[in-house]
Structures are given as C-alpha cells and as structure tokens.
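# Structure assessment
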Amino acid sequence: MSASAHRGEIFTLTDDPAKGAEATVYHADGVMVIEDGLITACGAWDILGPTLSPDIPVTHHKNGVMVPGFVDAHVHFPQLSMIASPGKQLMDWLKSYTFPAEEAFADPEYCKAAAPVFLDALLAHGTTSALVFASVHEQSVEALFEAAHARNMRLVAGKVLMDRDAPDALLEPAEEGYRKSKALIERWHGKGRLGYAVTPRFAPTCSKESLQSAGRLLAEYPDILLQTHLSENHAEIARVAELFPDADDYLDVYEQSGMVGDRSVFAHCVHLEEGALSRLAKARSSIAFCPSSNLFLGSGLMDYEAARKAGIEIGLGSDVGAGTSLSLLATMSEAYKVAHIKGTVIAAEQAFYHATLGGARALHMADRVGSLKPGMEADFLVLDYAATPVIAGRMAVARDVMERLFVLMMLGDDRAVRHVYLAGKPVAGHAFAATQQAAP
Ligand code: GUN
Ligand code: FE
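Residues numbered from 1 in each chain as written. Chains lettered and ligands numbered in written order. Predicted model: local features only at pLDDT ≥ 70, side-chain atom pairs only at ≥ 80, totals over all residues. Heavy atoms only, no water.

### Points about the state of the cysteines
Counted under the stated rule, the structure contains zero disulfides. For the unlinked cysteine Cys 111, the closest cysteine sulfur is that of Cys 206, found at 20 Å. Take Cys 206: it sits in no disulfide, and the sulfur closest to it among the cysteines is that of Cys 269, at 16 Å. Here Cys 206 falls in the buried class, since its relative accessible area comes to 0%. (Disulfide = S-S within 2.5 Å. Buried < 20%, exposed > 50% of the residue type's maximum accessible area, 1.4 Å probe, protein only.)

This is the structure in structure tokens:
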C-alpha cells in the first residue's frame, strides 16, 4: 500500500446532502491523506496531523492552495494545432481552418503523435479530466484513449459523427458512424478511467438519420454520455431552421432524435430559443459554458444567470481551438467578464465550482473526482500564489482565500499550476517539470 500526505491550504467544494447543495470546505492549514490513489482523509492539520503514522511522507505546499483538478467540459483534440485562427465567425471558421486541421487525423501516426501533446498540454494547464471531441476518424479516438489510459486520466471522449456539409474526407454514412461508435464503446467505455461520449458534431453537419443513430446509442448504453453543440451562432441557427423545417426550434431537432437527456452535454447555448432552457432543465441535461470561444468567434454572450437559475448543471469548456486557452483559470476569467457585462457577478467560489465539481457533475463523474474528500480519486492541483510577479504582488495585499482565488482566476494560467497529481501521483505542473529537467 502506498500512502502519502499533502499539507497546506486546501479549498474544495463538496456535496452536502444535508443542505441538498454543495458546501465550501476550506483549511488554512490542512492536510490530505492519500492511499492507493484515493483520498482517505482531508482536514485541519492540527487535528489530523498528529494522528498520521510517522511512516507517511508529508509534502508541505507553501504559498499556494490545493484544489481539485480542473474538469474541461468541452474541448476538441484535433484543434490544438489551429488555435488562434483569426478573422471568421463559426461557419466560415469551420470551413477555413477547422475541417482542414481535422483532415490530418486520417493518418493514425499523426493521431499517435498528437494525442500525448494534447493530453500533456491539458495536464500542464491543470486539467485532469475532460469531455473531448476527437475527429471523425476512429483512429483519433484510439490514440487519445491509449494516451489517456497510459497517463491514468479520467477522460470521456468520442468520435465525431458527420454525414453532410463538410469536406468529403470527413463524412461517412450515418450507419457507418453508428457502427464505428459502437465498436469504440465496446472497446473503451469503462476501461480504467475512460468513458465514451456519442459525438454528433451539430445539426448542420448531421442528417436526421445520423442524429437518430446518436440517440439510439445513448439509449442502448445506460452510462455513456452524449456531447454536441447547440445554439452557438446566428448563422448556424438559421441553417438549422432551413435544414429542419419541421422542428419547432434547434433544441427540438435534438429532442426528436432522442439526444436530450440527463447524460447529454450541450456546448454553448448562447442563443437558445424561448422555452429551450426550461426544456433542458427538465431533461436534466448539462451545459458546457465556453466564454473564451464565444468571445473569440464573436458568437455572443451566454446568459449564465438564466441557466443557473433554471437549475441546469454548468461545466466550463475551453472549447479549444475556438477558445484561446486550455487554461480553465483563463476560462473562469472570461466567464466572469461575460456574466458581468450581463449584470451578474460570478464569485470565485462559484467559478471554481464550475471548473471542478460542476464539471464533474455534468460529466457524471462527481462520485470519483471534482472534490477533495475521503473516497474520491486524488486528482488535485497546487496553485501557486507567486506564479508571476504581478500575482505575487497582488497576493501580498489579498485579505482572504476568496480574494486569492479571485486573483488566480482573473490573472492565472498554466504558470499558476505548480503541481498536478493524478490518483496521488505527480504528473505535471511547473515544479514537476523542473524536477524532470533536473533528473539525470
Ligand atoms: N460547432 C460545430 N463544430 C464546432 C467546433 O468545432 N467548434 C465550435 N466552437 N463550434 C462548433
Ligand atoms: Fe466546440
């Protein structure tokens, strides 16, 4: 049995069944004990510390805070190489930059080379779990899952389904997409820490038959997820109305195909039609809020407050390559600004909720990750209060942990990620990278 302990400041949100909501847990001087990859205790150092066996090594993290690993609720594996492609809104951006970048994933060797780069980049930014779009090619999913398995990441991903309105090289008949998705589910879903998400790209590139095959898969497998895009951009929505004249609205296209349920995660939801939000809430579907992407592509401002008030679970999505950073700290900062311009202030606690426990709930993995408490898998970060000179200077006058977390979310990025642990093992972070370089 391997055991370790980590001492320092600890901030986490946890389920509080008594309250029927989440509770904030904070220890100014805390300790988390890990055995065989699981958290076995988390509490105040002056209470727990003296009970620890002297055999357990204690790492003391100073001038930083331990938080759960971040959960990116929406990101595209094949788009890291075309991040920051300028000048277009969604539909033209897809044609000009995205589809050509995704065509490269037809080559299995290219996929195998790209997957470690992508996952190591996620980890370096403090993202320990994610819901990921691969490309239409099954080899992109194979490579991604292989590399995630090797890293022991809790990751959910799926092969894109598209059968129209994209380059021929990225299309396949609906039946073939169904069959290939099924084979990937059988091969990968539930293997180690991996899960599958059926991934119809969005209504403009999917026939009714293709969307229905996605709905069929969701019904056939009781614990897979479904991910897609919904109501991101005006031209997209107009195209959906043209293609599906019989549907009441965009969401109805997905409803008619059996795609809308409690295991469905809809990215964007910027311009939902009247009534759609309450239908999403009723179905217990989740939203991936992607503020960086929505600003970059000029898509619009999601009504965060309305989604929250409707009781919908909201995860945060980097949506790279339309988002301009893999950092969920940077994404929290964009979320703050998008909500603020619409009159809502997102407190640091709330932003960290969406980046951790909220995302984990949206991805149906909150019984495993997203909180620091006994029984959870020990995926956690140490965020650095001295990440940059500006952050260090600002921290010197911060009065409490909420202010420190706010400074990190507004100013932080991968430089603020000192350590990343997966199941209790150090795997990334700038301090880890330094030890790797120092090793012979
Ligand atoms: N809608 C359909 N495909 C995509 C994509 O790759 N990125 C974004 N942001 N929106 C989409
Ligand atoms: Fe996306």
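### Quick word on the packing of helix α12 (residues 328–341) against helix α13 (residues 348–362)
The contact between α12 and α13 brings their axes to 10 Å, and the two run at 130°. By the angle class used here, α12 and α13 are oblique. Our pair here, α12 against α13, has a crossing hand that is right-handed. Contacts from Leu 328, Leu 329 and Met 332 of α12 reach α13 at Ala 351, Phe 352 and Ala 355. Looking at the contact of α12 with α13 residue by residue, the class counts come to six nonpolar, no polar and no charged. (Axes fitted to C-alpha atoms, helices over the stretch in contact; angles between N-to-C directions. Helix = DSSP H or I, 4+ residues; strand = E, 2+ residues; numbered from the N terminus. Parallel < 35°, antiparallel > 145°, perpendicular 65-115°, else oblique. Left-handed = near helix turned anticlockwise from the far one by under 90°. Contact = heavy atoms within 4.5 Å. Nonpolar A, V, L, I, M, F, W, Y, C, P; charged D, E, K, R; others polar.)

### A few points about the nonpolar core
Ranked by size, the top nonpolar core spans 132 residues in total, and within it Leu 155, Tyr 254, Phe 352 and Leu 383 carry the most contacts. When neighbours within four sequence positions are excluded, Phe 352 is seen to be in contact with Phe 11, Leu 13, Val 67, Phe 70, Leu 329, Met 332, Leu 383, Leu 405 and Met 409. Ile 10, Met 376, Ala 378 and Val 382 belong to the second largest nonpolar core, which has 11 residues in total. (Core = buried A, V, L, I, M, F, W, Y, C linked by side-chain atoms within 4.5 Å.)

### Here we look at α13
Of all bends in α13, the biggest is about 45°, found at His 354. Among the 15 residues in α13, 12 count as buried, and that is most of the element. Positive phi appears at His 364, one or two residues downstream of α13, with a value of about 55°. (Bend = angle between axes of the 7 residues up to and from the residue.)

### Notes on the UniProt feature "domain: Amidohydrolase-related" (unreviewed entry) in the chain
If you check UniProt for "domain: Amidohydrolase-related" (unreviewed entry), the listed places come out as residues 65–427 in our numbering. Secondary structure content for residues 65–427 is 43% helix and 18% strand, while the C-alpha to C-alpha distance between its ends is 17 Å. (UniProt positions renumbered as here; feature names shortened; annotations may be inferred.)

### Points about the pattern of salt bridges
Evaluation of the coordinates by the stated rule reveals 28 salt bridges. Across the pair Arg 279 and Glu 255 runs a salt bridge whose closest N-O atoms are separated by 2.8 Å. Of this pair, Arg 279 sits in helix α9 (residues 276–283) while Glu 255 is found in helix α8 (residues 250–256), placing the two residues 24 residues apart along the sequence. The exposure class of Glu 255 is partly exposed, given its relative accessible area of 27%. The salt bridge involving Arg 418 is made with Asp 384; its shortest N-O contact spans 3.1 Å. Linking Arg 418 in strand β15 (residues 417–422) with Asp 384 in strand β14 (residues 380–384), this pair joins segments that are 34 residues apart in sequence. We classify Arg 418 as buried; its relative accessible area is 13%. The exposure class of Asp 384 is buried, given its relative accessible area of 6%. (Salt bridge = Lys/Arg side-chain N within 4 Å of Asp/Glu carboxyl O.)

### Things to note about the site of ligand 1
Around ligand 1 sit 13 residues, and of these His 76, Gln 79, Arg 201, Glu 232 and Asp 319 come closest. The contact in question runs from an oxygen atom of ligand 1 to an N or O atom on the side chain of Arg 201, over 2.7 Å. Within the side chain of Asp 319, a nitrogen or oxygen atom sits 2.8 Å from a nitrogen atom of ligand 1. Relative to its free-state accessible area of 280 Å², ligand 1 is covered by the protein chains to the extent of 100%. Ranked by the residues each element gives to the shell around ligand 1, the list is headed by helix α2 (residues 90–103), at three residues. Looking at the shell around ligand 1 residue by residue, the class counts come to five nonpolar, five polar and three charged. (Near = heavy atom within 4 Å. Polar contact = N/O pair within 3.5 Å; in protein donor to acceptor, adjacent residues only side chain to side chain. Areas by Shrake-Rupley, 256 points an atom, 1.4 Å probe, with all protein chains shown as cover.)

### Re the sheet that holds strand β4 (residues 58–68)
Within the open sheet, the seven strands sit side by side as β3-β2-β1-β4-β14-β15-β16. Their pairing is mixed. Since the sheet does not close on itself, it has two edges, and those belong to β3 (38–44) and β16 (425–428), each with one partner. Within this sheet the neighbouring strands show an average axis-to-axis angle of 40°, counted without direction. Bridge count for strand β1 (residues 3–16) against β4 is six bridges, and the pairing is parallel. Counterpart to Glu 9 in the pairing with β4 is Val 65. (Pairing = 2+ DSSP bridges.)

### Quick notes on the coordination of the iron ion (ligand 2)
Distances from the iron ion (ligand 2) to its protein donors, His 74 (NE2), His 76 (NE2), His 229 (NE2) and Asp 319 (OD), fall within 2.0 to 2.3 Å. Note that the iron ion (ligand 2) binds four donor atoms; their angles at the metal cover 90 to 173°, and the shape is irregular. Donor residues binding the iron ion (ligand 2) come from one chain and are separated in sequence as H-x1-H-x152-H-x89-D. Linking His 229 in strand β10 (residues 225–230) with Asp 319 in the loop between β13 (313–316) and α12, this pair joins segments that are 90 residues apart in sequence. A single burial state applies to His 229 and to Asp 319, both of which are buried. (Donors = N, O, S within 2.8 Å, 3.2 Å for Na, K, Ca; no water. Tetrahedral: all angles 85-135°; square planar, octahedral: opposite > 155°, others 65-115°.)

### Observations concerning the packing of aromatic side chains
Under the defined criterion, the tally for this structure stands at 11 aromatic pairs. Ring plane angle 55° and centroid distance 5.4 Å describe the contact between Tyr 250 and Tyr 254, whose orientation is recorded as tilted. Of this pair, Tyr 250 and Tyr 254 both sit in helix α8, four residues apart, which is roughly one turn of the helix. Of the two residues, Tyr 250 and Tyr 254, neither departs from the other in class, the shared state being buried. (Phe/Tyr/Trp six-rings, centres within 6.5 Å; stacked < 30°, edge-to-face > 60°.)

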